[in-house]
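Below are the chains, spelled out letter by letter.
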Amino acid sequence: MMKKKNISASKASLVLFLCQMVSALDVPLDSKLLEELLQPPTIIQQSPKDYIVDPRENIVIQCEAKGKPPPSFSWTRNGTHFDIDKDALVTMKPNSGTLVVNIMNGGKAEAYEGVYQCTARNERGAAISNNIVIRPSRSPLWTKEKLEPNHVREGDSLVLHCRPPVGLPPPIIFWMDNAFQRLPQSERVSQGLNGDLYFSNVQPEDTREDYICYARFNHTQTIQQKQPISVKVFSTKPVTERQPVLLTPTGSTSTKVELRGNVLLLECIAAGLPTPVIRWIKEGGELPANRTFFENFKKTLKIIDVSEADSGNYKCIARNTLGSAHHVISVTVKAAPYWITAPRNLVLSPGEDGTLICRANGNPKPDITWLANGVPIAIAPEDPSRKVDGDTIIFSHVQERSSAVYQCNASNEYGYLLANAFVNVLAEPPRILTPANKLYQVIADSPALLDCAYFGSPKPEIEWFKGVKGSILRGNEYVFHDNGTLEIPVAQKDSTGTYTCVARNELGKIQNEVQLEVKDPTMIIKQPEYKVIQRYGQVSFECIIKHDPTLLPTVVWLKDNDELPDDERFLVGKDNLTIMNVTDKDDGTYTCVVNTTLDSVSASAVLTVVAAPPTPAIIYARPNPPFDLELTGQLERSIELSWVPGDENNSPITNFVIEFEDGLHEPGVWHYQTEVPGTQTTVQLKLSPYVNYSFRVIAVNEIGRSQPSEPSEQYLTKSANPDENPSNVQGIGSEPDNLVITWESLKGFQSNGPGLQYKVSWRQKDVDDEWTSVIVANVSKYIVSGTPTFVPYEIKVQALNDLGYAPEPLEVIGHSGEDLPMVAPGNVQVHVINSTLAKVHWDPVPPKTVRGHLQGYKVYYWKVQSLSRRNRRHVEKKILTFRGNKTFGMLPGLEPYSSYKLNVRVVNGKGEGPASPDKVFKTPEGVPSSPSFLKITNPTLDSLTLEWGSPTHPNGVLTSYILKFQPINNTHELGPLVEIRIPANESSLILKNLNYSTRYKFYFNAQTSVGSGSQITEEAVTIMDEVQPLYPRIRNVTTAAAETYANISWEYEGPDHVNFYVEYGVAGSKEDWKKEIVNASRSFFVLKGLTPGTAYKVRVGAEGLSQGPGVRSSEDVFETGPAMASRQVDIATQGWFIGLMCAVALLILILLIVCFIRRNKGGKYPVKEKEDAHADPEIQPMKEDDGTFGEYSDAEDHKPLKKGSRTPSDRTVKKEDSDDSLVDYGEGVNGQFNEDGSFIGQYSGKKEKEPAEGNESSEAPSPVNAMNSFV
């Protein structure tokens, strides 16, 4: 029977999938699968059982169902077939069972009253709807009646009857006046549940002619009005007060029946003057909390969601100053049927078993009846696989013809429940719903979940493989979920690869591949640090990250877990956050959050903004000790202690700690007694007998504890019997033939009197022996000798003193001493799982032979020899301990292709038992480790020599080596990959026919018959030629020094497009080098601001090389010239210099005048002609910082400047691109300057220039650049 339940549960999960309930199976819906599978009909939408319709509108009776093939629909009316084709007003919606009765075209709703039922049918069965009772709503008019005016004496009660017409559904009643204003209601005047208006007592202001009762019929959206009622109140003096009398309900008792789940409404309205107050109680119980509400000024008791427990007698009490009246309502809660277990759809495979269960409850108990395809099961076609047993249908060895829809009907006098549940017998081969080659990406050391959503009937078995030809995945490193998902709890980099899921049942087999990529985790390698910054300062937080190169990280900065303020003072860099002009509002916690598509990390730091200079802070300190301790109210077991607090020192006292000293037993030792809040200065203390008490008090605030107060006076309490017995009683044998009984002795103040001793008692458990007892002095141990080995004992230890015994102690169980186990585990078996893991099994030893507490088993194992090298080595035994009564264990970390031995021993508290006979087992081959080294030597123009060492751990017989290599260009792009297989006995190889001056990357690994091991990589470069090395260098650094500056020049050999810098410092000084960046690619630089007569050291460096680090020249030392004597005349005051400068200015002025005249004439001077000849649209304007020349043009020639590379990719300087050379305007490289700085050759004929090879920085320093560097 249990087996059938399990099968039913497993198949129910499949039908939930078919019914589009994703939560039943952890797989996505597959629309194609659902379209192909046969399925019996299922009713998915229907009209309510009691369906009240608007007679003015069309009647729509809903019936929607699904199934495969799509179901057909039919209807019954009042138990007989309803032929809709014979009624022109009735139509059925296409592809639906919903009926539409066209009342709008002259039909009458009353003609279609009745009980309707829908049937949805296909080849797999028939489902039926509830019985739908159709009734049109009714809103009749009030019957005419003659209403006499009501003349009432002031203080009397009054009831105005509404008596609304009977409608369907019942109307909503309310009272208004002629102005359509609701009549005010109160504790005195209110409307009852029946719609009548009750006056507990009338007042003169109640006189009016327009008390009107209205009835609103919601279905028809109509309101009916009763004729106005007149009330006239006349006064008599004095007004007579009256005690309460109930207007409704009448009499002293009444009854009420309500259905479970409904709202229970009980009403009591009373007359009286003064106006009575209503109170409700439940006799013999309480009103249910959270479900009880009072309405209509407590005249109505409302209990929602009633149950059988709410049955009982409810009493309402009306009370005023003259007396009271009461009424008891006996409530009975009945119940229409409700589900305990509704039948659920069942999907089975041919030959399987299952059950349909239908359980309902109600009051009275409902009757359960079954139908098959809408027909009572007693007269339905027989099915040998079906057996009805009350509320259960049992299916055994079903076949496809057993598919059907079953209906369960549970009914009693208050209603019924109807549920459809189908039995669908399917035979389907496996299908995998997960898309093929789906890619999963996870972070290393995190779980990886690989989906294999599947379907099949019978339920397929799922297996996983790694790789195309890999073995089936098993072991503790994988978790296999019932929905087909493979979980790798801790994915590693080597988990990357292709995984294959195979689903098979007796009807077929299918497989699917998915891909797994394991990425390196994102880390913050330099986190932001705590900063304290003064107001208006600048602060920076660093956040340097490391991430997987295939993931694109985004860095976001937060302030106090929110976005950074929208303020230009916050500057976010690549790996830092800088805040300028810090203010007080910048104080807070700053967090660097790094996100990738797979993970997220963050780090935070606090910024504290302080004022400058800081203001003196308030001094906080620990409180001063309390004083004036006083003892009062001395009793045998209690005393009152009071004290005066000391100064709190700017930090409020939070609590006081009271300690005591026992001067009789432990003088000088203070013990914690209790603590009280800081607002309390007295405390009642509990005392123990036979203690000489002194007390002291310690004050505590947020800063710390005060010094203890001075001790109080001493108080000695009287002796008494011990109140307690020793704790932590234990019985543990130290030898096989004894029992050591130990306990924690009572402290001195726990003895309660002089002469403390202990009564130690013991007897063997489960043996009818008397207690053996002995009284010992104030010790904490007693040894019982001559006991059997490892036998349980009952033990108790009781305290006593000169005044008597403590209460009877509790018994504890102990054991006599253990001895070593007697036998070894038997039937030791070893199952080798893979090359590094084995599983060992053994039979447990008999419990009696353990002779102690079984702690577990120890497995000793050791490597005998490697099967590949056949060399024996020092035996290093390893030990694994398996706790408890375990009979198997895993041996991890084995070396592949090796011979091992092991034995097993049982362990108890005494030690280990004898070892089992040694068991020999061997591990299979594995993949080898990487080769021990890879060296690349003897580079030539077209060859490299490779040498390597064999793997340190071959893990089997090496079959070959695999060498792969590919070229790398200057942008680190990889070329085509070449693979070579090398015999296992080789240790070197010469690679020929390589490209000259090319860098290659090599990948090298070894192989066994199992597969390839991890690889080792190396890079090497073939040489450019046999004479000149490729490596860049800086040489011939020369210095021309003056008093305060020096001109540094050098020669450079190497790749183009590097950045030069000059480092210098005082010779012999330990100060750091000063660094100056050289503009563009010049080969000279001027150091300014030097000290006259000082020796300096200098060196030149280059950085920005595409391969490898930068280079530096050797150091050079120079000395600046001595300072000029004060009598020397400044050159600026010399006449010849002034004359020379005037001549230069005059010459420039003449040139400007000539240029101006020629420009106005529209002519061109030779430089303009040269540029026109070049016709280069990308000539750049002259810049102040690099001295380059731009274009000269007429006023109308203003072309936009273009941005682009100054140097072509082939590293040759073309004549139209060279914007920092004056050679274009001279005779080749022979352009010279005059003594006054003017350019010779400017107006000479220009020769055609050949493209320059290499980088011009390697040529002699340009005089133009030299002049610019001095400006």
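Above this text sits the structure in question.
What counts, and at which threshold
Residues numbered from 1 in each chain as written. Predicted model: local features only at pLDDT ≥ 70, side-chain atom pairs only at ≥ 80, totals over all residues. Heavy atoms only, no water. Pairing = 2+ DSSP bridges. Helix = DSSP H or I, 4+ residues; strand = E, 2+ residues; numbered from the N terminus. Axes fitted to C-alpha atoms, helices over the stretch in contact; angles between N-to-C directions. Patch = residues over 30% accessible without salt bridge, like charges linked within 9 Å, V, L, I, M, F, W, Y side chains within 5 Å. Areas by Shrake-Rupley, 256 points an atom, 1.4 Å probe, with all protein chains shown as cover. Salt bridge = Lys/Arg side-chain N within 4 Å of Asp/Glu carboxyl O. Lys, Arg positive; Asp, Glu negative; His and termini not counted. Charge placed at Lys NZ, Arg CZ, Asp CG, Glu CD. Buried < 20%, exposed > 50% of the residue type's maximum accessible area, 1.4 Å probe, protein only. Disulfide = S-S within 2.5 Å. Contact = heavy atoms within 4.5 Å.

Regarding the sheet that holds strand 82 (residues 978-983)
Thought 1: Strand order in this open sheet of 4 strands is 82-81-84-85, and the pairing throughout is antiparallel. The open sheet has two free edges, formed respectively by strand 82 and strand 85 (1016-1021), since each of these has just one partner strand. For this sheet the average axis-to-axis angle between neighbouring strands, irrespective of direction, equals 25°.
Thought 2: With 9 bridges joining them, strand 81 (residues 960-968) and strand 84 (residues 999-1007) adopt antiparallel strand pairing. By the bridge assignment for strand 84, I968 is matched with R999.

Looking at a negative patch on the surface
Thought 1: A contiguous patch of negative charge on the surface is contributed by D628, E630, E640 and E713.
Thought 2: Mapping E640 onto the fold places it in strand 58 (residues 638-644).
Thought 3: We classify E640 as partly exposed; its relative accessible area is 32%.

A word on the state of the cysteines
Joining two cysteines, a disulfide is a covalent bond between their sulfur atoms.
Thought 1: Tallied over the full model, the rule gives 6 disulfides.
Thought 2: In this model, C268 is linked to C316 through a disulfide, with the two sulfur atoms separated by 1.8 Å. Handedness here is read from the sign of the S-S torsion; for C268 and C316, about -70°, the answer is left-handed. Highlighted residues: C268 in the loop between strand 22 (264-267) and strand 23 (269-273) and C316 in strand 27 (residues 312-320), separated in sequence by 48 residues. For the pair C268 and C316, a shared accessibility class is recorded, and that class is buried.
Thought 3: Residue pairing for C452: its cysteine sulfur links by disulfide to C501, the two sulfurs lying 1.8 Å apart. Taking the torsion about the sulfur-sulfur bond, which here is approximately -60°, the covalent link between C452 and C501 counts as left-handed. Taken together, the positions of C452 in the loop between strand 40 (448-450) and strand 41 (454-457) and C501 in strand 45 (residues 497-505) put the pair 49 residues apart, joining distant regions of the chain.

A closer look at the environment of K585
Thought 1: Its location among the elements puts K585 in the loop between strand 54 (576-579) and strand 55 (588-595).
Thought 2: K585 has contacts with K559 and R569, leaving out every residue within four places of it along the chain.

Brief notes about a nonpolar patch on the surface
Thought 1: Taken together, the side chains of L1146, L1149, I1150, I1153, V1154, F1156 and I1157 define a hydrophobic patch exposed on the protein surface, amounting to about 660 Å² of accessible area.
Thought 2: As for its position among the elements, F1156 is in helix 4 (residues 1135-1160).
Thought 3: For F1156, a relative accessible area of 54% translates into the label exposed.

Some thoughts on the pairing of strand 58
Thought 1: Among the 7 residues of strand 58, 5 are classified as buried, and the element is accordingly described as predominantly covered.
Thought 2: For strand 57 (residues 627-632) and strand 58, the ladder comprises 4 bridges, and the chain directions are antiparallel. Paired with L631 across the two strands is L641, which belongs to strand 58.
Thought 3: Linking two consecutive strands that pair antiparallel, namely strand 57 and strand 58, is a turn of 5 residues; a positive phi of about 60° is found at G633 within it.

As far as function goes, none of this settles anything; it's purely spatial.
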